[in-house]
Amino acid sequence: MIPISKPYITKDEAQAAYDTILTGWITQGPRVAEFEEKFARYTGSRYAVAVSNCTTGLHLAMIMAGVGPGDEVICPSMSYIATANSIMYVDAIPVFAEVDPVTYNLDVADVEKRISSKTKAILLVHQIGLPGDIDAFKTLCKKHNLRLIEDAACAVGSAYHGRKIGSHSDLVCFSFHPRKVISTGDGGMITTNREDYYQRLKLLRQHGMSVNDRVRHESKTIVFEDHLEVAYNYRLTDIQAAVGIKQLEKLDWIISKRKEIAHQYLDALKDIDCIRLPREYENVIFNWQSFSIYLRKHCPINRNDLMQKMLDEGISTRRGIMTAHREIAYQEECKNVRLPICEDACDRSIIIPLFVPMEDDEIKKVIASFRKHILRKSE
C-alpha cells in the first residue's frame, strides 16, 4: 500500500529521543527551549512558544486576540475542523467565508462582506501549505480594527514575499502532526513578534505558573511558583522537542524533495484537460504539504469512484479538504449556510500521495493509476 503521507523520521530523530530520555528530563524542559529558539530563528519571528498541538495553539491564540463569548471570527469552512473548533472553545462564533476556487485560500472580498459589529478577528488558513494573501488581510484588519490570526498548520517552511510564514503577524500557529512536512509525533508552535504575547503564552500553556520547572530546576536558590491565572496543560515534551530539532535541520531539504515529486506529478498530468492541477505563485514558496487535484465537471469518473479504484490498486488517497459547515457537529448552527465554491472544491478534489522519501516506482504507480482511471472512456 502506498500511503497518502508518512513522516520522514530517521535514526537521527530516534537517537535524539533516546538521548533525551536518558537525561531523565522528558517533560517540557531544555530541549523545548532549544526547539523554540531555533524555530523562531528559522521563521524570522522574535519568539516561538511550543504547545501540545496546533489546535491548542489556536485556542491560546484566540485568548491572546481577546476573542470571547459572542464575538465573531471569520474563517474558511474549507479547512480541517480544528480551525472552527478553536473559535468555539472560547464561546465565540465561527463565521464561514468562501475561498478562492483555485488556491483554496480565503477570499478577501467575501470576507469583507461578512464583517459585522461583532467581528473580532480573521483566522487566515494557509491551505495545504500555500500561503494566503497576508498583506491583503493585514490591510483589511487594520481598516476594520480586527485581529489577524494565521492558521499555518500546513505551512511550515513556506514563505510569502521573501519571508518565512511565522514572521508576518503576531499570532501564527503551526502543526507537527505526522501528515505535516515535519513532525514530532504530534505537537505545535505559536510564533509572535510581541513580547507581551510571548510571556503570557508561556503562562497559559503551563497552568499559569509564574516560574516553569526548568527554571526552578536550574536555580541555585529556593524558588516557589505562583499560579497567576486559570490556564491549561498544553505543554510539549522534551522528547518531542528533541525530534523536532532534528526535523527542523532537514526542513529545507525535505521541502526541496517534496517539490521535485510535485513537479513530476505536474509534468505527467499536465495534458489532462478534465482536471485542474495545483500551481506555484510569484513571491510565494509553497512547501507542497499536499497535492490536491480538482476534477472538472466533464471528468468521466467521479471523485469517490476514482478514490476506490486507486485504493483497490494499493494507493491511498484522500478527499478534498473538508468543509466544517457540513459536518454533523456544525449542522444545527450552519443549517442555512451555503458556500457553493467551498462545497464544489471539497466534493470534486482528490489528494494523492506525496511524502519523502517516495520511490520512483511509487510515483510512477500513482501516476499510471490516476491517468488510467481519469482517462477511461465513459461507459
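From a predicted model like this one, the values you see are computed outputs, not experimental measurements. (Residues numbered from 1 in each chain as written. Predicted model: local features only at pLDDT ≥ 70, side-chain atom pairs only at ≥ 80, totals over all residues. Heavy atoms only, no water.)

**Q** Lay out the overall build of the protein chain in plain terms, naming residues and giving numbers.
**A** Scanning the protein chain for helices and strands turns up twelve helices and 14 strands. Counting only C-alpha atoms, the protein chain reaches 80 × 55 × 40 Å along its principal axes. A total of 379 residues make up the protein chain; the buried ones form 55% of that total. Within the protein chain, counting contacts between residues at least 6 apart in sequence, those at least 24 apart form 72% of the total. (Helix = DSSP H or I, 4+ residues; strand = E, 2+ residues; numbered from the N terminus. Buried < 20%, exposed > 50% of the residue type's maximum accessible area, 1.4 Å probe, protein only. Contact = heavy atoms within 4.5 Å.)

**Q** Describe the packing of helix 2 (residues 30-43) against helix 9 (residues 238-269), listing the residues and the values that go with them.
**A** Relative to each other, helix 2 and helix 9 sit at 25°, their axes nearing to 7 Å. One way to sum up the angle between helix 2 and helix 9 is to call them roughly parallel. Where helix 2 crosses over helix 9, the two elements pack in a sense that is left-handed. For the pair formed by helix 2 and helix 9, the contact residues are Pro30, Arg31, Val32, Glu34, Phe35, Lys38, Phe39 and Tyr42 on the first element and Asp238, Ala241, Ala242, Gly244, Ile245, Leu248, Leu251 and Asp252 on the second. Of the residues belonging to the contact of helix 2 with helix 9, the class tally is ten nonpolar, one polar and five charged. (Axes fitted to C-alpha atoms, helices over the stretch in contact; angles between N-to-C directions. Parallel < 35°, antiparallel > 145°, perpendicular 65-115°, else oblique. Left-handed = near helix turned anticlockwise from the far one by under 90°. Nonpolar A, V, L, I, M, F, W, Y, C, P; charged D, E, K, R; others polar.)

**Q** Can you explain the environment of Gly24? Please cite residues and give values.
**A** Along the chain, Gly24 turns up in the loop between helix 1 (11-23) and helix 2. Look at Gly24 and you get exposed, because its relative accessible area is 59%.

**Q** Summarise the packing of helix 3 (residues 54-64) against helix 7 (residues 195-204); cite the residues concerned and give the values.
**A** Running from amino to carboxyl end, helix 3 crosses helix 7 at an angle of 130°, the nearest separation of the two axes being 11 Å. Judged by the inter-axis angle, helix 3 sits oblique to helix 7. In terms of crossing hand, the pair formed by helix 3 and helix 7 is right-handed. Here Leu60, Ile63 and Met64 of helix 3 lie close against helix 7, whose contacting residues are Tyr197, Arg200, Leu201 and Leu204.

**Q** Can you break down the environment of Tyr281 residue by residue, with the values?
**A** Looking at the secondary structure, you find Tyr281 in the loop between strand 10 (275-276) and strand 11 (284-285). A C-alpha to C-alpha distance of 18 Å links Tyr281 and Lys257, two positions 24 residues apart in sequence. Once you skip the residues sitting within four places of it in the chain, Tyr281 turns out to touch Val102, Thr103 and Leu130.

**Q** Requested: an account of the nonpolar core, with residues and values cited.
**A** Judged by nonpolar contacts, the single largest core of 119 residues is most densely connected at Ile275, Phe291, Ile293, Phe370 and Ile374. With residues up to four places along the chain from it excluded, the contact list for Ile275 reads Leu269, Ile293, Tyr294, Leu295, Arg296, Cys299, Phe370 and Ile374. (Core = buried A, V, L, I, M, F, W, Y, C linked by side-chain atoms within 4.5 Å.)

**Q** Outline a nonpolar patch on the surface, listing residues and values.
**A** A surface patch of nonpolar side chains, about 420 Å² in accessible area, is lined by Tyr18, Ile21, Leu22 and Ile26. Summarising the element assignment, Ile21 is placed in helix 1. (Patch = residues over 30% accessible without salt bridge, like charges linked within 9 Å, V, L, I, M, F, W, Y side chains within 5 Å. Areas by Shrake-Rupley, 256 points an atom, 1.4 Å probe, with all protein chains shown as cover. Salt bridge = Lys/Arg side-chain N within 4 Å of Asp/Glu carboxyl O.)

**Q** Report on unusual backbone geometry, specifying residues and quantitative values.
**A** In this structure, the amide linkage connecting Val356 to the following residue, Pro357, adopts the cis form with an omega of -5°. For Pro357, the position within the fold is in the loop between strand 14 (349-352) and helix 12 (360-374). Even without a glycine there, the phi angle at Ile128 is positive, about 45°. Among the structural elements, Ile128 can be located in the loop between strand 4 (119-125) and helix 6 (134-144). In this structure Ile128 comes out as buried when scored by relative accessible area, which is 7%.

**Q** Which residues make up helix 6, and what are the values?
**A** Residues Ile134, Phe137, Leu140 and Cys141 constitute the buried set of helix 6. When helix 6 is viewed along its axis, its buried side chains cluster within an angular range of 125° and face the same direction. Pointing more than 90 degrees away from the buried face of helix 6 are the exposed residues Thr139, Lys142 and Lys143. Looking at the buried residues of helix 6, the elements they touch are helix 5 (108-113), strand 4, strand 5 (147-152) and strand 6 (159-160). Backbone geometry just after helix 6 places Asn145 at a positive phi near 55°. (Arc of directions from axis to C-beta.)

**Q** Explain the pairing of strand 1 (residues 47-51) to me, and be specific about the residues and the numbers.
**A** Burial within strand 1 is extensive, with five of its five residues counted as buried. Of the two faces of strand 1, the one holding Tyr47, Val49 and Val51 and the one holding Ala48 and Ala50 are both buried throughout. In terms of strand pairing, strand 1 meets strand 9 (residues 188-192) through five bridges, oriented antiparallel. Bridge pairing in strand 9 places Tyr47 opposite Thr192. (Pairing = 2+ DSSP bridges.)

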